[in-house]
Amino acid sequence: MMIRDVAFAILLIFVSVIGYVKVENLSFTSSFFPEMVCVVLATLVFIDIMLRIVKRVIKKQSIKKKKLFIDLFADKAGVAIILILLYIVILKDLGFIASSVLFIGLLSLYIKKASKIFDVLKIFIFSFLVTLFFYFIFYHLFNIQLPRGIIS
């Protein structure tokens, strides 16, 4: 279990670094909040890794060697990681609204395992409403430029 947690934490640090690098070319007002989120996320994850290592050393438990990627993708966390990476890749091309609706919708469909068309429709309506909510907050309140993608 610990190997999977540390691997996921390292992946979060990697995503934070990529996010930080992606927004450094923006103006100060546009890049401040995303940079702050990336730094805070990476710092907290790093602290979590260190605490896990210290806890492991104190307990003097042996670390079992497992197949890292098989263990990592054995449950819903692996699918979430793949969807997050896909979201990062398509965000600039499709834009914030389209890629966020797809990301939230697909992840919700996977977690809920909806089979009826009405349930799928409800999930994507909810995804659209959540995306519009965050778009309003970031674009209008924080004045952060979000990728327009196919809209522009």
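Residues numbered from 1 in each chain as written. Predicted model: local features only at pLDDT ≥ 70, side-chain atom pairs only at ≥ 80, totals over all residues. Heavy atoms only, no water.

Asks: Tell me about the overall build of the chain, and name the residues and values.
Replies: The secondary structure content of the chain amounts to six helices and zero strands. Counted from the first residue to the last, the chain has its helices and strands arranged as α-α-α-α-α-α. Taking all 152 residues of the chain together, the buried fraction comes to 26%. Long-range contacts, defined here as pairs at least 24 residues apart, represent 59% of the contacts in the chain between residues at least 6 apart. Of the roughly 10700 Å² that the chain leaves accessible, carbon and sulfur atoms contribute 74%. (Helix = DSSP H or I, 4+ residues; strand = E, 2+ residues; numbered from the N terminus. Buried < 20%, exposed > 50% of the residue type's maximum accessible area, 1.4 Å probe, protein only. Contact = heavy atoms within 4.5 Å. Areas by Shrake-Rupley, 256 points an atom, 1.4 Å probe, with all protein chains shown as cover.)

Asks: I'd like to hear about helix H6 (residues 117–141), residue by residue, with values.
Replies: When the terminal C-alpha atoms of H6 are compared, their 35 Å separation across 25 residues agrees well with the 36 Å that a helix rising 1.5 Å per residue should span. Within H6, burial applies to Ile 123, Ser 127, Val 130, Thr 131, Tyr 135 and Ile 137. On the buried face of H6, the contacting elements are helix H5 (96–112). Trailing H6 by a residue or two, Asn 143 shows a phi angle of about 55 degrees, which is positive. (Expected span 1.5 Å × (residues − 1).)

Asks: Hey, could you go over the pattern of salt bridges for me, with residue numbers and the actual values?
Replies: For the structure on display, the rule yields one salt bridge. Of the charged contacts in the structure, one is a salt bridge between Lys 122 and Asp 119, with a shortest N-O distance of 3.9 Å. Of this pair, Lys 122 and Asp 119 are both found in helix H6, three residues apart, which corresponds to roughly one turn of the helix. (Salt bridge = Lys/Arg side-chain N within 4 Å of Asp/Glu carboxyl O.)

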